[in-house]
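# Structure at a glance
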There are 2 protein chains.
Amino acid sequence: MAEVVRKSFRRRPKAERMAEIELAARQAFSTKGYNATSMAQIAEDAGISEGTIYKFYENKRDLLLVILLRWFEDVRNAHQLDLQKISGTRARVRAIIHRHLSAVIADPDLARLLFAEIRDFEYYRETELYQISRQYTRVLIDVLKEGIASGEVRPDIPLTLVRDVVFGGIEHHVSSFLSGYADIDLNAVSDDLCDLVMVGITVPAAPPPDIEAVVDRLERVADRLEAGKPEGGGG
Amino acid sequence: MAEVVRKSFRRRPKAERMAEIELAARQAFSTKGYNATSMAQIAEDAGISEGTIYKFYENKRDLLLVILLRWFEDVRNAHQLDLQKISGTRARVRAIIHRHLSAVIADPDLARLLFAEIRDFEYYRETELYQISRQYTRVLIDVLKEGIASGEVRPDIPLTLVRDVVFGGIEHHVSSFLSGYADIDLNAVSDDLCDLVMVGITVPAAPPPDIEAVVDRLERVADRLEAGKPEGGGG
DNA sequence: AACGTAAATGAGGAGTGCTCACTATAAGCG
DNA sequence: CGCTTATAGTGAGCACTCCTCATTTACGTT
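Residues numbered from 1 in each chain as written. Chains lettered and ligands numbered in written order. Predicted model: local features only at pLDDT ≥ 70, side-chain atom pairs only at ≥ 80, totals over all residues. Heavy atoms only, no water.

## Digging into the interface of chain A and chain B
- Of the residues lining the interface, 53 residues belong to chain A; the matching set on chain B comes to 51 residues.
- It is Arg154(A), His172(A) and Ile201(A) that lose the most area in chain A upon contact with chain B, and together they represent 16% of the buried surface on that side.
- We note a salt bridge from Arg154(B) to Asp195(A), for which the minimum N-O separation is 3.0 Å.
- For the pair chain A and chain B, the number of links is 18 residue pairs in polar contact (both at pLDDT 80 or more).
- Ranked by the residues each element gives to the side of chain A that touches chain B, the list is headed by helix H8 (residues 159–178) of chain A, at 13 residues.
- Of the residues belonging to the side of chain A that touches chain B, the class tally is 25 nonpolar, 12 polar and 16 charged. (Contact = heavy atoms within 4.5 Å. Buried area = accessible area lost by both parts, 1.4 Å probe. Salt bridge = Lys/Arg side-chain N within 4 Å of Asp/Glu carboxyl O. Polar contact = N/O pair within 3.5 Å; in protein donor to acceptor, adjacent residues only side chain to side chain. Helix = DSSP H or I, 4+ residues; strand = E, 2+ residues; numbered from the N terminus. Nonpolar A, V, L, I, M, F, W, Y, C, P; charged D, E, K, R; others polar.)

## A short note on the packing of aromatic side chains
- If you walk through the whole model with that rule in mind, you get 13 aromatic pairs over all chains.
- Taken together, a centroid distance of 5.5 Å and an interplanar angle of 35° make the contact between Phe29(A) and Tyr34(A) tilted. Tyr34(A) carries the same exposure label as Phe29(A), and that label is buried.
- Grouped by ring-pair contacts, the aromatic residues Trp71(A), Phe72(A), Tyr136(A) and Phe167(A) constitute a single cluster.
- The ring of Tyr34(B) has Lys60(B) lying over it, and the distance from NZ or CZ to the ring centre is 4.5 Å.
- Note that Arg61(B) overlies the ring of Phe121(B), its terminal NZ or CZ placed 4.5 Å from the centroid. (Phe/Tyr/Trp six-rings, centres within 6.5 Å; stacked < 30°, edge-to-face > 60°. Buried < 20%, exposed > 50% of the residue type's maximum accessible area, 1.4 Å probe, protein only. Lys NZ or Arg CZ within 6 Å of the ring centre and 35° of its normal.)

## Quick look at the protein's contact with DNA strand C
- Around DNA strand C lies a shell of 24 residues, among which Arg11(A), Lys60(A), Arg17(B), Ser49(B) and Thr52(B) are the nearest.
- Here the atoms of DNA strand C within 4 Å of the protein split so that 70% fall in sugar or phosphate, with bases taking the remainder.
- A distance of 2.9 Å is found between a phosphate oxygen of DNA strand C and a backbone nitrogen or oxygen belonging to Met39(A).
- Contact between DNA strand C and Arg11(B): a base nitrogen at 3.1 Å from a side-chain N or O atom of the residue.
- Among the secondary structure elements, those contributing two or more residues to the surface near DNA strand C are helix H3 (50–56) of chain A together with helix H3 (50–56) of chain B.
- Counting residues per element, the surface near DNA strand C draws most heavily on H3(B), which supplies four residues.
- Its residues placed into classes, the surface near DNA strand C shows six nonpolar, seven polar and 11 charged. (Near = heavy atom within 4 Å.)

## Details of a nonpolar patch on the surface
- Together, Val214(A), Leu218(A) and Leu218(B) line one region of the surface with nonpolar side chains, adding up to about 220 Å² of accessible area.
- In this structure, Leu218(A) sits in helix H10 (residues 211–226).
- On the basis of relative accessible area, Leu218(A) is assigned to the partly exposed category, the value being 36%. (Patch = residues over 30% accessible without salt bridge, like charges linked within 9 Å, V, L, I, M, F, W, Y side chains within 5 Å. Areas by Shrake-Rupley, 256 points an atom, 1.4 Å probe, with all protein chains shown as cover.)

## Here's the deal with the environment of Tyr130(A)
Residues and elements named next belong to chain A.
- You can see Tyr130 is positioned in helix H7 (residues 128–149).
- In this structure, the C-alpha to C-alpha distance between Tyr130 and Ile118, residues 12 residues apart in sequence, is 9.6 Å.
- Leaving out residues up to four positions away in the same chain, Tyr130 has contacts with Tyr124 and Arg125.
- Polar contacts involving the side chain of Tyr130 include one to the side chain of Arg125, which spans 3.1 Å.

## Some details on the domain arrangement of chain A
Residues and elements named next belong to chain A.
- On domain assignment, one finds that chain A holds domain 1 (12–57) and domain 2 (60–201).
- For domain 1 versus domain 2, the distance between C-alpha centres works out to 28 Å.
- Every contact between the two is made by 14 residues of domain 1 and, on the other side, 15 residues of domain 2.
- Where domain 1 abuts domain 2, roughly 1300 Å² becomes buried across the two surfaces, and 67% of that area is made up of carbon and sulfur atoms.
- The tally of links from domain 1 across to domain 2 stands at two salt bridges.
- Put simply, domain 1 and domain 2 have five residue pairs in polar contact (both at pLDDT 80 or more) between them. (Domains from an automatic or database assignment.)

Here it is in structure tokens:
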């Protein structure tokens with residue numbers, strides 16, 4: 001039997017190999033998308049053989065989930081730190097919007113993977129990534145509840161719907177940006193969306209007439225009449 | 001050389017074959033998703049060989065696009081007819097929301113395919129489906145512009161953002177429904193979302209002044225006038 | 001009845017994710 | 001230092017994928 005010639009290789013600590021694999025995978029997934037990326041390509045970029053990847057990750061899907069989880073955990077932690085410094089319902093809502101937009105704009109490719117690829121994985125909801133994602137959007141609901149408690153927010157608003165409108169709205173709005181066809185003004189969009197959620201699109205109800213002033217004038221007129229003087233000034 | 005035995009087949013008009021293929025494909029895509037559906041399976045369900053599909057459709061992606069296009073055109077047409085009967089900005093916004101929710105709930109699987117699979121296809125934006133989709137969401141923007149013209153809507157609202165918030169919000173909100181984990185109250189959600197977009201989440205502005213007190217004062221002034229004396233005393 | 005055309009075929013190519021029997025290596029031990 | 005051992009690492013190969021195309025068939029027309 002012919003001897004099988006195998007090329008030599010270096011053994012590396014598990015953690016380092018995983019980091020290399022994840023780096024290669026992240027770049028490939030980001031630039032080419034999930035389906036267009038092959039495990040063979042990732043292995044080559046990471047300088048190992050295909051089989052090695054399966055020593056650390058169950059399968060391709062698992063690899064993507066791990067990558068997105070690491071990224072999302074960072075994003076979430078940054079958000080939580082940020083929010084502690086801000087008070088007032090409106091400012092906090094604005095901060096959540098701003099922060100989320102920033103994260104999506106900073107890593108549009110990973111965000112797109114999360115939006116478009118992961119969501120329809122079977123068992124996504126049994127995933128740790130899903131749990132983190134829930135926690136992440138949960139923050140907005142907590143802020144709204146504080147707002148209700150402090151009287152700034154109507155107590156009858158549908159909380160989960162508001163949450164979905166904010167995050168779904170951002171997702172939709174940024175999708176053109178993700179496709180590279182448009183640019184986004186981070187601050188302007190944050191302000192606009194915050195404003196939209198807070199006061200809606202309807203024209204503000206006509207400000208109530210200043211009844212006090214009117215009565216004051218009436219009184220002055222009455223006084224003049226009482227004083228017996230017919231008329232004072234024309235116009 | 002051994003003769004290749006081929007089974008007999010029936011020739012059918014192009015249109016009928018295509019209808020059969022699309023039916024089989026639609027069912028398979030709907031129940032199993034895009035990636036989990038194989039062309040071999042579709043061919044078998046349609047009672048033909050795999051190669052025949054490629055006589056009518058460029059590739060698997062094209063087949064899905066055609067199916068979603070047919071469905072979406074129907075949805076759009078129904079919407080347009082519906083909207084003609086309704087007047088008033090708020091009622092029209094509410095109708096758009098209600099109709100879109102209905103369509104998504106009626107065909108959750110196709111909606112999910114549109115949301116999750118299609119969007120990240122390369123060249124999606126060069127697609128007819130994309131154009132129809134633009135037209136479809138465009139209707140909301142037109143309604144908002146009418147609202148601005150009629151004075152019902154603030155003229156400074158960011159139109160595309162409102163559009164994204166409505167459709168993105170719906171998408172997000174029904175994603176739990178699409179996964180089969182929750183149910184949706186069509187009318188309640190329509191009302192809530194419409195309300196949210198129209199007036200936001202903030203508590204309504206300043207309470208009206210105390211009219212009673214003002215009227216009392218007016219009456220006192222009138223009494224004074226009648227009595228012609230500086231003090232009149234109320235009743 | 002023969003023909004031409006277009007429908008239909010299915011083996012096979014190039015690629016995929018993934019497995020597994022196997023080998024090479026570094027760390028721990030004497 | 002060698003010896004053992006656990007395990008990182010391999011890569012041929014399996015079962016599958018989408019898709020092509022030379023070939024075969026059925027049908028409307030003449």
